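Read off the chains here:
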Amino acid sequence: MGSQHTIVTLGSHTALQILKGAKDEGFRSAVVTTTKHKPIYEELFPVADEVIEIPTYADFFAVEEELIEKKAIIVPHGSFVAYLDSEAHKAMRVRYFGNKDILDWEFNRKKQKEWLAEADVTLPHVFDHHDDIDRPTIVKFYGAGGGKGYFFVKDRHEFNRVLDENYFDTSQVILQEYIVGCPVYIHYFYSPLDDRLEILSLDRRYETTVDSLGRIPSRNQEGMNLDPSFVVVGNTPLVLRESLLAKVYEMGRNVVEVSKTLCPPQGLYGPFCLETVVTPEQDFYVIELSARIVAGTNLYTQGSYYTQLTYPEPMSTGRRIAREIKLAEEQGRLDVVC
Ligand code: AMP
Ligand code: AMP
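Note that the structure is predicted; figures quoted are calculated from it, not measured.

Rules used in this analysis
Residues numbered from 1 in each chain as written. Chains lettered and ligands numbered in written order. Predicted model: local features only at pLDDT ≥ 70, side-chain atom pairs only at ≥ 80, totals over all residues. Heavy atoms only, no water. Near = heavy atom within 4 Å. Polar contact = N/O pair within 3.5 Å; in protein donor to acceptor, adjacent residues only side chain to side chain. Areas by Shrake-Rupley, 256 points an atom, 1.4 Å probe, with all protein chains shown as cover. Helix = DSSP H or I, 4+ residues; strand = E, 2+ residues; numbered from the N terminus. Buried < 20%, exposed > 50% of the residue type's maximum accessible area, 1.4 Å probe, protein only. Contact = heavy atoms within 4.5 Å. Pairing = 2+ DSSP bridges. Axes fitted to C-alpha atoms, helices over the stretch in contact; angles between N-to-C directions. Nonpolar A, V, L, I, M, F, W, Y, C, P; charged D, E, K, R; others polar. Patch = residues over 30% accessible without salt bridge, like charges linked within 9 Å, V, L, I, M, F, W, Y side chains within 5 Å. Salt bridge = Lys/Arg side-chain N within 4 Å of Asp/Glu carboxyl O. Arc of directions from axis to C-beta. Lys, Arg positive; Asp, Glu negative; His and termini not counted. Charge placed at Lys NZ, Arg CZ, Asp CG, Glu CD.

Draft legend 1. Just the site of ligand 1, in detail. The full set of residues close to ligand 1 is Ser12, His13, Ser79, Ala82, Tyr83, Gly145, Gly146, Arg205, Val232, Asn235 and Ala295. In the environment of ligand 1, an oxygen atom lies 2.2 Å from a nitrogen or oxygen atom belonging to the side chain of tyrosine 83. Considering ligand 1 on its own, with 480 Å² of exposed area, one finds that the protein chains cover 67% of that surface. Listed by contribution, the elements that provide at least two residues to the shell around ligand 1 are helix H4 (78-83) and strand S12 (230-237). If one sorts the elements of the shell around ligand 1 by residue count, H4 sits on top with three residues.

Draft legend 2. Looking closely at the environment of lysine 70. With respect to the helices, strands and loops of the structure, lysine 70 is situated in the loop between helix H3 (64-69) and strand S4 (72-74). Residue classification places lysine 70 among the partly exposed residues on the basis of a relative accessible area of 24%. Separated by 66 residues in sequence, lysine 70 and glutamine 4 place their C-alpha atoms 8.7 Å apart. Apart from residues lying up to four places away in sequence, lysine 70 is in contact with Gln4, Thr6, Glu50 and Ile52. At a separation of 3.1 Å, a polar atom in the side chain of lysine 70 contacts the side chain of glutamate 50.

Draft legend 3. A look at the sheet that holds S4. As summarised here, the arrangement of the five strands in space is S3-S2-S1-S4-S5, forming an open sheet in which the pairing is parallel. The sheet is open, and its two edges are formed by strand S3 (50-54) and strand S5 (95-96), each paired on a single side. Note that strand S1 (residues 6-10) and strand S2 (residues 28-34) share five bridges and pair parallel. Directly across from threonine 9, in S2, lies its bridge partner valine 31. Packing of helix H1 (residues 15-24) onto the sheet brings it into contact with S1 and S2, and relative to S1 it is tilted by some 175°.

Draft legend 4. Seen up close, the site of ligand 2. Taken together, 14 residues form the shell around ligand 2, and within it Tyr150, Ile179, Tyr185, Glu207 and Glu275 come nearest. The separation between an oxygen atom of ligand 2 and a polar side-chain atom of tyrosine 150 is 2.8 Å. The side chain of tyrosine 185 places a nitrogen or oxygen atom 2.5 Å from an oxygen atom of ligand 2. Notes on ligand 2: free accessible area 470 Å², of which the protein chains cover 96%. Taken together, the elements giving at least two residues each to the shell around ligand 2 come down to strand S7 (137-141), strand S9 (173-177), strand S11 (196-209) and strand S14 (284-290). Here the shell around ligand 2 is built from residues that sort into seven nonpolar, one polar and six charged.

Draft legend 5. Molecular detail of a nonpolar patch on the surface. A surface patch of nonpolar side chains, amounting to about 320 Å² of accessible area, comprises Val239, Tyr305 and Leu309. On the secondary structure map, leucine 309 appears in helix H11 (residues 307-310). For leucine 309, a relative accessible area of 63% corresponds to the exposed category.

Draft legend 6. Structural view of helix H8 (residues 156-165). All of the buried residues along H8 are Glu158, Phe159, Val162 and Leu163. An end-on view of H8 places all buried positions within 140° of arc, on one side of the element. Facing away from the buried side of H8, by more than 90 degrees, are the exposed residues His157, Asp164 and Glu165. Tucked inside the fold, the buried residues of H8 contact S7, strand S8 (151-153) and S9.

Draft legend 7. A look at a negative patch on the surface. On the surface, a cluster of negative charge is contributed by Glu114, Glu118, Asp120 and Glu250. For glutamate 114, the position within the fold is in helix H7 (residues 109-118).

Draft legend 8. How the structure looks around unusual backbone geometry. Cis geometry marks the peptide bond from threonine 208 to threonine 209; its omega dihedral reads 15°. Mapped onto the elements, threonine 209 comes out in strand S11. A cis amide bond links proline 264 to the next residue, proline 265, at an omega of 0°. With respect to the helices, strands and loops of the structure, proline 265 is situated in the loop between helix H10 (245-262) and strand S13 (270-278). The backbone of lysine 71 shows a phi angle near 60°, a positive value even though the residue is not glycine. Looking at the secondary structure, you find lysine 71 in the loop between H3 and S4. The phi torsion at aspartate 195 lies on the positive side, around 50°, for a residue other than glycine. By the secondary structure assignment, aspartate 195 is in the loop between strand S10 (182-191) and S11.

Structural measurements only, silent on function.
Right, dumping it as structure tokens:
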């Protein structure tokens, strides 16, 4: 007999692989989406058993009661964070895959830094005040999605010039040391059922304009007044130099173990991502942690180089989530994961 539960997510971001993964693991599935995006899930890729329409993403809570009646299990992704009120998100009563207590540790920059420092990962220096800037720095606005509005300054004087030209609230920015290296986004999955950490896949982001500046020789750039921006437009696949996997595994392990002390007993589980920049010394600077499925996993609906080594079937991150819920149900331990 199949599960009594229905896997449900918001229609956007990584919904297609989550819904397809649910189907592959034998679950019923439903997608809650806006009128505008409904054709994606109804006509283009009808992978869900049911499409529930709402006017805007923020209206998600209007259908919560209906979802509880359906025995829904919510699988969160980036749009839950981008479009839902964070307090309402935390107060959600419908079953939810993931540890909501972790959200505070993820979104409070200070707390996230404490967590990562405790896990002993390498972090870029953060300047408390712009007068302290003493090296190239990336300026990030709180709550910005997908790198929007970030800018680069070479030094303190350049920061002051930008501020003079275009006043903004300096208390609303993070001043992070700019690391020159390769961006590497690591997609982990931690199973609390058998205390196993997996590396499911990796990606690099494709960002405009920073990824295109190298196409114009620097002598031609002179006088063009070009500033890099970091707006994500897509993702490209990546396979890591094999010897680096040991370091990558260790970082993920430490982050998980520390999270268990911060939000006991489970801590961080399911999919998560460490967003890193790797230097020529092969140091992984962690620039951000994402405590859920990230969009770069959309590359791997058919599985990745790494999942092919572990699973006989094509294993996307979406499917891996459904597999975890299925295993928990079979073991009578659903409460451990949702
Ligand atoms: P969307 O569903 O495209 O409106 O995106 C929802 C949230 O996820 C927004 O905060 C986006 O900035 C973020 N997002 C979407 N696609 C990507 C991507 N490929 N890489 C990084 N972030 C993304
Ligand atoms: P984030 O929103 O923090 O994931 O950053 C978006 C993009 O900005 C990254 O994919 C990088 O290209 C760039 N970036 C962010 N922080 C840094 C940093 N400290 N050093 C270099 N590049 C960065």
